[in-house]
Structures are given as structure tokens and as C-alpha cells.
Amino acid sequence: MAETRKILTQVDPVWSQIRQEAEVAIAEEPLFGGLIHSSILHHDSVEAALAYRVAVKLASAEMSEQLIREIADAAYAADPSLSMAARADLVAVRERDPACHRYLQPMMFFKGFQALQAYRIGHWLWNAGRKDMAYFFQMRVSEMFGIDIHPAARIGKGIMIDHAHSIVIGETAVVGDNVSMLHSVTLGGTGKEEEDRHPKIGNGVLIGAGAKVLGNIKVGDCSRIAAGSVVLHEVPCKSTVAGVPAKVVGEAGCSQPSVSMDQLLGQ
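Just so we're clear, the structure is a prediction, and the values are computed from it rather than from any experiment.

Engineer: Honestly, the side chain of Gln114 in this entry has me stumped. Any pointers?
Structural biologist: Tracing the chain through its elements places Gln114 in helix H8 (residues 111-127). Judged by its relative accessible area of 8%, Gln114 is buried. Once residues within four sequence positions are removed from consideration, Gln114 is found in contact with Arg53, Lys57, Pro106, Met107, Met108, Phe109 and Phe145.

Engineer: Help me understand helix H3 (residues 33-41) in this model?
Structural biologist: The α-helix winds at 3.6 residues per turn, so residues separated by three or four positions along the chain end up facing the same way. Within the sequence span of H3, burial applies to Gly33, Ile36, Ser39, Ile40 and Leu41. All buried residues of H3 project into a common sector of 150° when viewed along the axis, lining one side. Of the surrounding elements, those touching the buried residues of H3 are helix H2 (13-28), helix H4 (46-58) and helix H7 (104-108).

Engineer: Before we go on, may I ask you to explain the pattern of salt bridges in this structure?
Structural biologist: For side chains of opposite charge, pairing can occur when their charged atoms come near one another. By the definition in use, this model includes nine salt bridges. Note that Asp89 and Arg120 form a salt bridge whose closest N and O atoms lie 3.0 Å from each other. On the criterion of sequence distance, the pair formed by Asp89 in helix H6 (residues 80-96) and Arg120 in helix H8 is long-range, its members being 31 residues apart. The pair Asp89 / Arg120 is uniform in exposure class, with both members buried. When the shortest N-O distance is used, the salt bridge between Asp177 and Lys157 registers 3.5 Å. In this pair, Asp177 sits in the loop between strand E5 (174-175) and strand E6 (180-181) while Lys157 sits in the loop between strand E2 (154-155) and strand E3 (160-161), placing the two residues 20 residues apart along the sequence. Asp177 gets classed as partly exposed once you look at its relative accessible area, which sits at 25%. Salt bridges here are not isolated pairs; linked through shared partners, they connect Asp12, Glu47 and Arg87.

What counts as what
- Residues numbered from 1 in each chain as written.
- Predicted model: local features only at pLDDT ≥ 70, side-chain atom pairs only at ≥ 80, totals over all residues.
- Heavy atoms only, no water.
- Helix = DSSP H or I, 4+ residues; strand = E, 2+ residues; numbered from the N terminus.
- Buried < 20%, exposed > 50% of the residue type's maximum accessible area, 1.4 Å probe, protein only.
- Contact = heavy atoms within 4.5 Å.
- Arc of directions from axis to C-beta.
- Salt bridge = Lys/Arg side-chain N within 4 Å of Asp/Glu carboxyl O.

Dropping the structure here:
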């Protein structure tokens, strides 16, 4: 397994690009040299760099950087899907966020990407039965990034969380692949019920800023939820909903709303 990982690292185009961008960043801003070396160039893989970044961000007086790093390293070693999801998330941010010009930016500066990778480790802990440690990760992600994702929530790959302030995703929520959401999105429940109570977001969905999707309802593939909407009922595939409460106002306008990021209701 170790030899396989070494070979994959040598031919990993995403990691190679990140390292090249890191060298350029140091040339452009020498004062970043120490930070870039410790965060990127000191490591031999995306997984190692992510484990380091998560550990640095989540460490506190309650839990040391070394312990969190060991947990993150164990997660990436045990579950290759974490690495695949991280790469897909990186590509999603680079392709969809007009403010992102290099793969290096999400790794170093974008809290949406970093919080999502920390959640993924917490989710791995949850599935491994280590629920108290998973809750610790949830707490630290919320404290450090202002994003509260329950470790039991299921989130696909290729996710872009833009600006990423005040995101809340509940315990039984499911988010499909290639979803984009903006700040202040809530995927929440509607009361005190303890069973399956959170939304199920399909693939390719675009969720606008401030949108609230509440209850155990399905949002169909490739649909759009307009900014500020409160969604209380099922959303058909390839449609646009808007309003409080949200209603269908038209088609999605394109085959991949989460990729086009077009939020104009007239489109």
C-alpha cells in the first residue's frame, strides 16, 4: 500500500500543480516562505498537506496539533475516498469560484474547503464508532470556521462552499455530488423529531446565499434554490424555486446549475 501511494503521488497532477503554485507564491511573496514550506512543500502528497492544515487549524489547548495530525493521517490511510473527495472539491472550487485563481488558494486560505475536509475526517471518525472525537471535530470546525456540519451528515464529492460563513448542515442531511452552496445556507429540521429529519440534496444543485431548506424533503438533481428562499416542500429536478415559502418559478436554466453558478431567476 505504501509503495502504491508513492507511485500515485509521483503522477498526481493536482499535487504537482499545487507544488508549482507554491513555488511561485514564495517567489512573489518571500515572507510567505515559512508558511508555504510548512504547509505544502514540506509534504509529499495532498493527503499529508491536508492532514497538516487540518491539524494546525483545529489544534487548541484541549487537543494538540500532533494528536489531530495523527487522527487525520490515520483517516487518509484507511479511507482512499477521502483523498478522492478532497481532489474533487479542489477542482470544484478552482472551476466555479471566480475569485480562485490557483489550487493553492483553497488549500491555504479558503475556509469552506478547509472546513469541508475537516468534516470529512470527522465523518470517518463517526462511521468508525468514535463519536465523541467526531463531535470534537464538529465543535472545532464550528469555532474556527463558522461552519457547523454534523459528523453524521453525508456529503458527496466535488462540493464548493463559497464564502462559507454560517453554514449549518444537520445530522440526517444528505448532499449529493457536484453541489455548490453559498454562505448562510441551512439544511435543517423543522422540530424536535429524532428520526430522519433533514433535507436530501441531489446532484448538481445550486443553493443560493441565505437559503433555508428544512425538513426531510428531497431537492431534485440539477435544480436551483434562489438566495434567501425557505424551502419546505420537495423540489423537482431541473427546476428553480424562490420565495418564502419557496415555489417553483421556472426551469433550472441549464444542465449543470452548480457548475454555471448562474443565480439570475430570469435565466
